[in-house]
Amino acid sequence: MRQELLSLPKGLAEEVSKNLVMVARLIDEDPEQAYAYSRIALRLASRVAAVREAAGFAAYATQKYSEALAEFRAAKRMTGSVELWPVMADCERGLGRPERALAMAGEPEVQKLDKAGQVEMRLVAAGARRDQGQLEAAIVTLQSPELASNAVQPWTARLRYAYADALLAAGREDEAREWFGKALEADKDGATDASDRLAELDGVEFVDAAIDPSDDEDRDGTQNFVDDDDEDEDEDEDDDEDDEDAAEIAAAERATDVTEYYDEDDEEYEPLEQSAADAEVRGDKA
């Protein structure tokens, strides 16, 4: 990404970089804010592949699948890389087109993916089978050397979890319990809720030990409500934080008063006339 940004004027590259950093920082905890920053970066440097990719993931995180797919296609076209192929296929699922996702799973691009990408494509294909109500086919799709391997890889927990979930959906509870257990063994980072699913299968109910039942409910079952003043103070603090974030984004947008436009061959977007300011920033001015 840094190499791509070097093609921009220094000041512009710094602005784009700041917005991309905010996208990466917020995409998990606050996808909507991440999406807002990605739009700013996109206005500044729509012809940089890394920007298009970041915009795609931000749109994907907010379930704007059509927009995400358009950005991923643009990034793929700019770089020639196929690494975004699985998430592009998952966008097709998000758009209610599982048959297209399955078609993509059979394309030559899949063979060009690294091992992690191929496992991701298998997960997407299995999800598409489930979208079509083909549970047994989804189970078979997930059966692979990677699933059978005892070695733990970055994708192992998610692959085992998906397999367990498909087994459970098919009514194969004992097998599902076994594979949720295997997923938990491989899930060192807590990427799945395999432990909760196991507990659920075993009929275990969790109670927050930090909460004293007597604080919230009397012996006769009468609910004790939180003090309204305390609740209002919390809401005011949250509103202040939201206002600060919104003001920061608005200020950045005003500072980047550049007309947004997209590549002419993006099917999902209508091309907009490029502004004189945009042309000057990109060195297009005669």
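Keep in mind the model is a prediction, meaning the values are calculated, not measured.

Here is what the cut-offs are and how they apply
- Residues numbered from 1 in each chain as written.
- Predicted model: local features only at pLDDT ≥ 70, side-chain atom pairs only at ≥ 80, totals over all residues.
- Heavy atoms only, no water.
- Salt bridge = Lys/Arg side-chain N within 4 Å of Asp/Glu carboxyl O.
- Helix = DSSP H or I, 4+ residues; strand = E, 2+ residues; numbered from the N terminus.
- Buried < 20%, exposed > 50% of the residue type's maximum accessible area, 1.4 Å probe, protein only.
- Core = buried A, V, L, I, M, F, W, Y, C linked by side-chain atoms within 4.5 Å.
- Contact = heavy atoms within 4.5 Å.
- Axes fitted to C-alpha atoms, helices over the stretch in contact; angles between N-to-C directions.
- Left-handed = near helix turned anticlockwise from the far one by under 90°.
- Nonpolar A, V, L, I, M, F, W, Y, C, P; charged D, E, K, R; others polar.

(A) Local environment of the pattern of salt bridges. Taken as a whole and judged by the stated rule, the model has 17 salt bridges. In this structure, Arg158 and Glu120 form a salt bridge, with 2.8 Å as the shortest nitrogen-oxygen distance. One end of the pair, Arg158, is in helix α11 (residues 156-169); the other, Glu120, is in helix α8 (residues 115-131), and 38 residues separate them in sequence. The partly exposed category is assigned to Arg158, whose relative accessible area is 36%. Its relative accessible area of 27% is what places Glu120 among the partly exposed residues. One salt bridge in this structure joins Glu136 and Arg172, with 3.2 Å as the shortest N-O distance. Here Arg172 lies in the loop between α11 and α12 (173-186) and Glu136 lies in helix α9 (residues 135-142), a separation of 36 residues in the sequence. For Glu136, a relative accessible area of 44% puts it in the partly exposed group.

(B) Geometry of the nonpolar core. Residues Leu8, Val16 and Val51 are the most contacted members of the largest nonpolar core, which totals 46 residues. Elements represented by at least two residues in this core include exactly α2 (10-26), α3 (31-44), α4 (49-61), α5 (65-79), α6 (85-94), α7 (98-105) and α8. Once residues within four sequence positions are removed from consideration, Val16 is found in contact with Leu5, Leu8, Leu44, Ala45 and Val51. If you look at the next biggest cluster of nonpolar residues, it comprises 21 residues, including Ala126, Ala138, Ile139 and Leu142.

(C) Spotlight on unusual backbone geometry. Of note, the phi angle at Gln63 is positive, near 65°, even though the residue is not glycine. Locating Gln63 in the fold gives a position in the loop between α4 and α5.

(D) Geometry of the packing of α7 against α8. At a closest axis distance of 9 Å, the pairing of α7 and α8 adopts a crossing angle of 145°. The element α7 and its partner α8 pack so that their crossing is left-handed. Only Met121, Val124, Ala125, Ala128, Arg129 and Asp131 of α8 make contact with α7, whose side of the interface consists of Pro98, Ala101, Leu102, Met104 and Ala105. In terms of residue class, the contact of α7 with α8 is built from 9 nonpolar, no polar and 2 charged.

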